[in-house]
Structure formats: structure tokens, C-alpha cells
Amino acid sequence: MTEVIRVSSLTRKFGKQAAVDNASFTIEKDAIHGLLGRNGAGKTTLMQLLTAQDFPTAGSIEVFGANPVENAKVLSQLCFIKESQRYPDEFKVRHVLESAPWFFANWSESFANDLVEEFDLPREKKLKKLSRGQLSAVGVIVGLASRAPITFFDEPYLGLDAVARQLFYDRLLADYAENPRTVILSTHLIDEVSNLLERVIVIDHGRIVLDEQAESIRGRAFSVSGTSGAVDDFASTRKVLYSSRLGGLTTATVESTSADDRKAAAAAGLEISPVSLQQLIIQKTSSSEREFEHSA
Amino acid sequence: MDESRPIFIQIAEQIEDSIIDGELAEEAQVPSTNEYAAFYRINPATAGKGVNLLVDEGVLYKKRGIGMFVAKGARSALLEKRRKKFLAEFIRPLLSEAARLDISAEQLVDQIRKESSK
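Residues numbered from 1 in each chain as written. Chains lettered and ligands numbered in written order. Predicted model: local features only at pLDDT ≥ 70, side-chain atom pairs only at ≥ 80, totals over all residues. Heavy atoms only, no water.

Draft legend 1. Molecular detail of the interface of chain A and chain B. Listed per partner, the contact involves 21 residues of chain A and 18 residues of chain B. When residues of chain A are sorted by the area they lose upon contact with chain B, Asn-195, Glu-215 and Arg-218 of chain A head the list and together hold 36% of the total. Viewed at the interface, chain B and chain A are joined by one salt bridge. As a salt-bridge pair, Asp-170 of chain A and Arg-41 of chain B come within 2.7 Å of each other at their nearest N and O atoms. Per element, the largest residue contribution to the side of chain A that touches chain B is six residues, and it comes from helix α6 (residues 162-178) of chain A. Of the residues belonging to the side of chain A that touches chain B, the class tally is nine nonpolar, six polar and six charged. (Contact = heavy atoms within 4.5 Å. Buried area = accessible area lost by both parts, 1.4 Å probe. Salt bridge = Lys/Arg side-chain N within 4 Å of Asp/Glu carboxyl O. Helix = DSSP H or I, 4+ residues; strand = E, 2+ residues; numbered from the N terminus. Nonpolar A, V, L, I, M, F, W, Y, C, P; charged D, E, K, R; others polar.)

Draft legend 2. Broad picture of the packing of helix α2 (residues 33-40) of chain B against helix α3 (residues 44-56) of chain B. All names here are of chain B. For the pair α2 and α3, the least separation of the axes is 8 Å and the interaxial angle reads 120°. As the angle between them shows, α2 and α3 are arranged oblique. For the crossing formed where α2 meets α3, the hand is right-handed. Across from Thr-33, Asn-34, Tyr-36 and Ala-37 in α2, the residues of α3 making contact are Pro-44, Ala-47, Gly-48 and Val-51. A per-class count over the contact of α2 with α3 returns five nonpolar, three polar and no charged. (Axes fitted to C-alpha atoms, helices over the stretch in contact; angles between N-to-C directions. Parallel < 35°, antiparallel > 145°, perpendicular 65-115°, else oblique. Left-handed = near helix turned anticlockwise from the far one by under 90°.)

Draft legend 3. Region of interest: the pairing of strand β2 (residues 67-70) of chain B. Residue and element names in this part refer to chain B. Relative to β2, strand β1 (residues 60-63) is paired through four bridges, and the arrangement is antiparallel. Bridge pairing links Leu-60 to Val-70 in β2. Taking the residues that link successive antiparallel strands as the turn, the β1-β2 hairpin has three residues, and the phi of Gly-65 there is positive, at about 80°. (Pairing = 2+ DSSP bridges.)

Draft legend 4. Expanded view of the environment of Leu-277 of chain A. All names here are of chain A. Considering the arrangement of structural elements, one finds Leu-277 in helix α11 (residues 277-295). On the basis of relative accessible area, Leu-277 is assigned to the buried category, the value being 3%. Spatially, the C-alpha atom of Leu-277 lies 9.4 Å from that of Asn-195, the residues being 82 residues apart in sequence. (Buried < 20%, exposed > 50% of the residue type's maximum accessible area, 1.4 Å probe, protein only.)

Draft legend 5. A look at the nonpolar core. All names here are of chain A. Counting residues in each nonpolar core, the largest one holds 53 residues, and the members touching the most others are Phe-119, Phe-168 and Val-200. Those residues in contact with Phe-168 that sit more than four places away from it in its chain are Phe-119, Val-140, Leu-144, Phe-153, Pro-156, Tyr-157 and Leu-185. Counting 24 residues, the second largest nonpolar core, distinct from the first, contains Ile-5, Ala-41, Val-63 and Val-74. (Core = buried A, V, L, I, M, F, W, Y, C linked by side-chain atoms within 4.5 Å.)

Draft legend 6. Representation of the domain arrangement of chain B within the structure. All names here are of chain B. What the domain assignment reports for chain B is domain 1 (7-74) and domain 2 (75-116). Once you take the C-alpha centre of each, domain 1 and domain 2 turn out to be 29 Å apart. The partner domain 2 presents seven residues to the 10 residues of domain 1 that form the contact. Of the roughly 790 Å² buried between domain 1 and domain 2 on both sides combined, carbon and sulfur atoms contribute 44%. Its largest share of buried area at the contact with domain 2, domain 1 owes to Glu-16, Ile-20 and Ala-74, together 59% of the area lost on that side. (Domains from an automatic or database assignment.)

Draft legend 7. Inspection of the sheet that holds strand β3 (residues 32-36) of chain A at higher detail. Residue and element names in this part refer to chain A. One open sheet holds the six strands; their spatial order is β5-β6-β7-β3-β8-β9, and the pairing between them is mixed. The open sheet has two edge strands with one neighbour each: β5 (78-81) and β9 (207-213). Here the average twist between neighbouring strands, direction ignored, is 15°. Direction of pairing for β3 relative to strand β8 (residues 199-204): parallel, over a ladder of four bridges. Looking across to β8, one finds that Gly-34 is bridged to Val-200. Along the sheet face, helix α5 (residues 132-146) touches β5 and β6 (150-154) and points at about 165° away from the line of β5.

Draft legend 8. Local environment of the packing of aromatic side chains. All chains considered together, the criterion is met by 11 aromatic pairs over all chains. Judged by centre distance (5.1 Å) and plane angle (70°), the rings of Phe-153 of chain A and Phe-168 of chain A are edge-to-face. One end of the pair, Phe-153 of chain A, is in strand β6; the other, Phe-168 of chain A, is in helix α6, with 15 residues separating them in the sequence. The buried category is assigned to Phe-153 of chain A, whose relative accessible area is 1%. Seen in terms of ring centroids, Phe-39 of chain B and Tyr-40 of chain B are 5.0 Å apart; in terms of plane orientation they differ by 85°. Their pairing is edge-to-face. What makes Phe-39 of chain B exposed here is its relative accessible area of 64%. It is Arg-238 of chain A that lies over the ring of Phe-234 of chain A; its NZ or CZ is 4.0 Å from the centre. One residue, Lys-49 of chain B, lies across the ring of Phe-8 of chain B, its end atom 4.3 Å from the ring centre. (Phe/Tyr/Trp six-rings, centres within 6.5 Å; stacked < 30°, edge-to-face > 60°. Lys NZ or Arg CZ within 6 Å of the ring centre and 35° of its normal.)

Written as C-alpha cells, this is what we have:
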């Protein structure tokens, strides 16, 4: 596996607050990464640091083996689609599409034109007159058609409805399959994107709390529910991520990949249910919060 | 897709099902990894992992530059494999639920006969 980005002990402080706190990870070449976390977890700050739009307090970043700051050779290979991209006042949709090839060497005009049709964007309309969803569509189109070696999408779909989001996911997958490249997608809509991702990086309070192949996370945990006695018996010898109790009933999320564990739970008369990536991450990030408060 | 299990295993099982049901005949070309990825809306690397699992098991084979094909004898090998799993995955859970409900083995056999003659 080749890496295109290496981040070591990266910290970015705003006053006393660390928005990114001693983060170390790598980004793999030609894989789709999910940068997941709650609002305010540090996703945007992290992407601003990786694209040299902000500077670290401590630690180092290498993009294609070099510091990205004021490095035209590196920066010309990046595309960063922000949640709130600003454009010149009089810019129309058409102007964005016409100027994009100046910045992106791999820009595909035909792909951009297809996407404009599919997202039903008015070319002659001024950007400041567009709806929130249409403005997001402009970002999505630029991000996809740029075919940049590394593309960052930071919550790219504010105001996009479910149909338009699905269109984005479908076009991303299809074009990625034809033109493999590195994609980093930040989102809190984990359930929607989980199947698209090859790698998952979860950030919470500026810290990386999970960094793994999506496929090895899936199936890692399951939930059991039943009478409290039976659940406690089963859970006592296993790693419990989360449990809740209601009257005489208990539900517990157990970290385990073994089929035997599932059989044992079934044999004990417990109801077994799957745990989605989203549920697992919610439980991971809310438990790290408890540890955080504990240590503070 | 079932969230509780790795997707590449589910992709492999879907392909196995198509072979068992005869939708994918032996020596037929299977859809490409990218086609599976687009159809199931999953990462192409994940789809590729599922396909490769079946290549490793000898169910599929690769023709360089052309694509993946169903191997000769794949269907009977898969039937054999699934029949072995049938006992553990269907018969045993059936028997344990029957025991829990006080249904005897004879009553169970009767019920199965009735159902299958319908």
C-alpha cells in the first residue's frame, strides 16, 4: 500500500483549545477514505491543515512526500471542496466551470457537462442567487470533474436532497472505478456513505479514535438483548462496548468477530441484532467522551 | 446488504447463489468488479475482495485482459459446500426451536411432509 499523505503528531490549537490533538495517520493512494466525526470534532481543521490553508501548532504533514505549505507542485494536485466555498460576486455557474481547468490539470469538461445536466444546474445563473442545494451541487461537480489526484470533500452536500446525494455517491463510485484516485470524504451521514468507503478514520475532540479498513470494522460487534440475567451471563466474559437496561431486560453491544460467540448467544436464548458502522462509531465516540471527562 | 457481516463475503455469497441457481452458468463470464460496485453501491475494492475470495476457492478463474469466468465444476462444488452448511445453519436451529416448543422429532417430520406435499 502506497501512502500519499503522512501525518505525524499533528496538533492545531486555537488559544488553549486543541482542534486537532496529536493526530497521526496516513492516507492511502487510490482509496476512498471517510473522515467521520461529530460536528466540531476537528474534521474541517484537519482538512485545512492537509491542504495548507491553515498551519500546524506542532507536528508534521507530508503530502506526496513533501510539506504542502506554499508548495505549488503538491497543491496543484489537490482539490478541496469546502462546505462554504466563496466565489467572486458576479460569478455565474458557467464561470466556475470555465475557470476550473486553470486549476485542475485532469479537469474533464465532458464529465462536468454531464453532471450539470444531471444536477439540473442553471449555467447562466449567478452563484449568489443559487439555492443552498444548488451551490453544494456546484462544489460536488467541481470536485468530481477535477479528477485531482487527491480530492477532499468536506460535508459537500448541505442542502442537497436524498436523490441528489445518491446521485453524488453513484457518480463518485463510477468515476472512481474508471479513474482511481485518492478521495477523502468528511461527513456525519455515516450510514449513507459507509458502503462506499475503503478506509475509515474517526476523529473525536481532535483525536483519532479509530483508523481502519471499513471491512474489518463491519461485523466486529453485535448486539444481544434478553433478560438481564442471561445478557449479563453472556457479557461477563466478553468485551462490552455499551449496555442499557430497561426493567428486567438488557441490551448489550459486544465486540466480537467470532461466529461461535453468536451461536452461544443464540443458544442462551438471546436476541441478536447487527451493529452498523454508524452505531459502532457513535458508541466509540460517546465512550471516548466519557473517558475524556473522566481524565479531565 | 446486511450490516452485520463484511460486505465482500456477502458479494461472494451473491455470486455463489447465482451460480447455484444457474443464472451464471459454468464458463460464463461474471460481471466486472466495477459493475458489482455500481450495482450494490459499494467500494470497488470491496467488490474485488469478494470476487477474489471465489478465485481463491477455485469457483471463478481469471482470463487475463478479458475478465472473470465461472470454473468448470463450480456448481457441484458449491452445492456440496452449501449442503454441509445446511445441517449447522438450518437443521440444528430448527431442532433446537422445536425442542423449546415441545415439538417432537416425529411431529416435526410430519409437519415437513405436510408442507412439502402442498
